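Chain and residue survey
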Amino acid sequence: MEKNVVNHKSYLDELNDIQRKAVVSGSGPKMVIAGPGSGKTRVLTYRIAYLIQQGIPPHRILALTFTNKAAREMKDRIERVVGAAAKRVIAGTFHSVFARFLRYDAHLIGYPNDFTIYDTDDTKSVVRGIIKKLGLEPKVYQVSAIRSRISMAKSNLITPKLYAANTDLINQDRMNRRPMLQNIYGLYTQELMRAGAMDFDDLLLQMFRLLYENYDNVREKYQEKFDYVLVDEFQDTNYLQYQIIKQFIDYDHSPHNINIVGDDAQSIYSFRGATIENILKFEQDYPQVETFKLEQNYRSTNFIVQAANDVISYNKNQIQKKIWTSEEQGEKIKIEKCISDTEEGRKVASLIIEQKNRHHLKNSEIAILYRTNAQSRTLEEHLRRNNIPYKIFGGLSFYQRKEVKDLVAYLRLTVNYKDNEAMKRVINYPKRGLGNTTVQKIIDIADANEISMWEAVGMVKLSKRAENALLGFGKMIQDFTKRSETQDAYTLASYIAKKSGILDLLQQDNTPEGVSRVENITSLLNGIQEFIDLDEVVEGQDLDAISNKSLAAYLQNITLLTDQDQSDVDDVDHITLMSVHAAKGLEYPSVFVVGMEENLFPSYLSVSDPRQLDEERRLFYVAITRAEKYLTLTYANSRYHYGQVRYNDVSRFLEEIGGDNVDSIISSSNTTAGFGAARSRLSGNFKSLREVKVPELKIDPAQFKPSPNDQIAPGQKVLHLKFGEGEVLAVDGATDNKIATIRFDQVDNPERRIMLRFAKLQILD
DNA sequence: GGGGGCTATGGGGGG
DNA sequence: CATAGCCCCC
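I will try to describe carefully the structure that is included in this document. This is a predicted model, so every value here is computed, not measured.

How each quantity is defined
Residues numbered from 1 in each chain as written. Chains lettered and ligands numbered in written order. Predicted model: local features only at pLDDT ≥ 70, side-chain atom pairs only at ≥ 80, totals over all residues. Heavy atoms only, no water. Near = heavy atom within 4 Å. Polar contact = N/O pair within 3.5 Å; in protein donor to acceptor, adjacent residues only side chain to side chain. Helix = DSSP H or I, 4+ residues; strand = E, 2+ residues; numbered from the N terminus. Nonpolar A, V, L, I, M, F, W, Y, C, P; charged D, E, K, R; others polar. Axes fitted to C-alpha atoms, helices over the stretch in contact; angles between N-to-C directions. Parallel < 35°, antiparallel > 145°, perpendicular 65-115°, else oblique. Left-handed = near helix turned anticlockwise from the far one by under 90°. Contact = heavy atoms within 4.5 Å. Patch = residues over 30% accessible without salt bridge, like charges linked within 9 Å, V, L, I, M, F, W, Y side chains within 5 Å. Areas by Shrake-Rupley, 256 points an atom, 1.4 Å probe, with all protein chains shown as cover. Salt bridge = Lys/Arg side-chain N within 4 Å of Asp/Glu carboxyl O. Pairing = 2+ DSSP bridges.

Another point: the protein's contact with DNA strand B. With respect to spatial proximity, 32 residues lie near DNA strand B, and among them Arg371, Asn373, Ala374, Lys431 and Thr437 are the closest. A breakdown of the atoms of DNA strand B within 4 Å of the protein gives sugar and phosphate a share of 47%. A distance of 3.0 Å separates a sugar or linking oxygen of DNA strand B from a polar atom in the side chain of His95. One of the side-chain nitrogen or oxygen atoms of His581 is found 3.5 Å away from a sugar or linking oxygen of DNA strand B. Secondary-structure elements contributing two or more residues to the surface near DNA strand B are helix H10 (200–213), helix H19 (436–449) and helix H27 (610–624). For the surface near DNA strand B, a count of residues per class yields eight nonpolar, 16 polar and eight charged.

As a further point, take the packing of helix H12 (residues 239–249) against helix H13 (residues 277–285). Interaxial distance between H12 and H13 falls to 11 Å at its minimum, and their mutual angle equals 25°. Between H12 and H13, the crossing angle belongs to the class labelled roughly parallel. For the element pair H12 and H13, the recorded crossing hand is right-handed. Across the interface between the two elements, Tyr239, Tyr242 and Lys246 from H12 touch Asn278, Lys281, Phe282 and Asp285 from H13. The class makeup of the residues in the contact of H12 with H13 is three nonpolar, one polar and three charged.

Before going further, it helps to spend a moment on the packing of helix H5 (residues 120–133) against helix H9 (residues 181–194). Relative orientation of the contacting elements H5 and H9 amounts to 125°, with a least axis distance of 10 Å. Considered as vectors, H5 and H9 are oriented oblique to each other. In this structure, the crossing between H5 and H9 has a hand that is right-handed. Between H5 and H9, the residues in contact are Thr123, Val126, Val127, Ile130, Ile131 and Lys133 and Ile184, Leu187, Tyr188, Glu191 and Leu192, respectively. Of the residues contributing to the contact of H5 with H9, the split by class is eight nonpolar, one polar and two charged.

Further remarks concern a nonpolar patch on the surface. A contiguous nonpolar surface patch, about 420 Å² in accessible area, is contributed by Tyr604, Leu605 and Tyr642. Its place among the elements puts Tyr604 in the loop between strand E13 (588–593) and H27.

The next subject is the sheet that holds strand E7 (residues 258–262). In spatial order, the strands read E3-E2-E6-E7-E1-E8; together these six strands make up an open sheet with parallel pairing. Taken across any chain shown, the strands that pair with only one partner, and hence form the sheet edges, are strand E3 (90–93) and strand E8 (290–294). In this sheet, adjacent strand axes meet at a mean angle of 15° when their direction is disregarded. Across five bridges, strand E1 (residues 30–34) lies against E8 in parallel orientation. Its bridge partner lying in E8, Ala34 is registered against Leu294. Relative to the sheet, helix H1 (residues 17–24) contacts E1 and E8, its axis offset from that of E8 by approximately 145°. In the packing of helix H3 (residues 68–82) onto the sheet, the strands contacted are strand E2 (61–65) and E3, and the crossing angle to E3 comes to about 155°.

Written out as structure tokens, the structure reads:
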């Protein structure tokens, strides 16, 4: 990640020959094959900036990235070259961009525009319900296996009908003793439809259907909408994603302005349907494609680059390329042997302290990467003990906590009555006398009539008591919905937290856990406030989309957060812990890869399949190429797994690194456990950074008195809670949708477009 | 209908 | 080791 502010005229000078050629190339299909650290993001960013300078309107450029964070950072950098217009580029993940499109057009294919997005837990619950309903053996019909099979089918455009007609699939299911899988898939699809819900795959599949079925000529609308489509990390797209992109760009007289960027050696998502075939297919589908290979690495020192080459050379199938660097040799890679996972944690902590002292590293320059999220626990313990602040990305997220899910379920039901998973979650929480029997009755009626539970409520015969309880519940939800028409999401969510009884219930619990649950509810509410406070105009062309601060928009937003998307507003300098998968695209001066053992990395689930083993190796390749200067690899002879000690051999991958690039292997006998001992006294009140943080305000909110927004006029000096002091340059837009252009001198991109509908600005003097 | 405790079972990676 | 589903008892 470059830190320099880009000079408006000379950004092309920052590129090497091949990068520049890729950036300034003309129209038509382009492919950039980019090794790690080869300036891929830079090329993508400047390509877009260049297109805008060539006169392509920014809102006619669609950029699909791997995380929302990557999209944001890209826009920021484009902005430094071409100015605020960059904000209008349509950029985000496949899922979030298509979800946004579907919020306009889902009604054309039978969904409510305010559809719910079912997360993994919701879909598991749906599958579980179907298995129960069909009376199938749960041990044979395993929820996770079925879910991934349905997902695989969807990602390959296989509908339930096509599935049932596909003899290969049917035979596979028969062999696995799961002949009813096709029926489950069919029922699953129906149930989501009934609930007005889409799962993650539907955001792609229904987008495809929308374009393919082409009601109201919606396909032409999208084809006309974009001049350029750019796709990052193309090696990790699946068949369905590729087919959607093709719908956008394949039509009569299309210039086929598609630019893809990727690296086959970093393909690590085949488990969710990603296929390298897409790159090969791309060259066939667009024979006129112009290809650029970026092989010079600007990230890492030579020992690290060579180690990466050593490792990846063990994979037979790959597009030939060799990354190289003109950087110094640097420090050799350190390999640390540990007796146990506990010792590994201790050692990593003390090595971090040592490294920080020796190389003057900040915490933020250090990352610990692991193969499985479960490995974070031991590490956390030792970091805490040594008073090293850390933050964990991924794993169990804030939004998966019970109390958060409960409140979110109320919000979901308020937006979409048909959301059965939300309904089941809160119909009797807090307790209101609607037990299993009543709920089951409602489910049965709903199933029999193929309607949602909400719609079935009126048709169920119940005891007087249950009926009254149900009536009260229904009235309450309807009241919430009514309020949603006038109140903003924060006010409404706070009201719901109180009125539903959730807050009261949690506040009765005075144990530390209970207190933290209340805190989490508060954090959630703060998050909603933050969401609606984002008053900045982000995209230009669809004012409706931007100004949508509805609950529905908020809910969609939180469901589609990626692991890298958690807020980096943070006052504490912290090290980073995450899975190797989550580290994709990131870089750190110092990287620790822990758990380098057989059956862990590579995973025991992959060791017997050569193709999966190759993917594990690519994953390791990704891991080591995250490091700029210092790379430390650790392994432990013994490790707890399921609460039992397991003994593992050292990972084969370590042996694949040429000895020239590795420092002597340090034995575990004389460890230095005492580094952090003196500091541990301080660690008592150290707080884990897992919690979502409320951003630090530059201004004391108590001193802040917002002025009425209709008084905002050009020339005024104003105060903004997040951006500080600024000068109003202009006010434009319709009466009820005014936008102020304000220059804030204390922030990076000083000129901001602020929507007065949501803005809180204090006029100074 | 509600609550508590027990047991079995899962844990690879993620939008 | 952690959790969720399930069974049993009030």
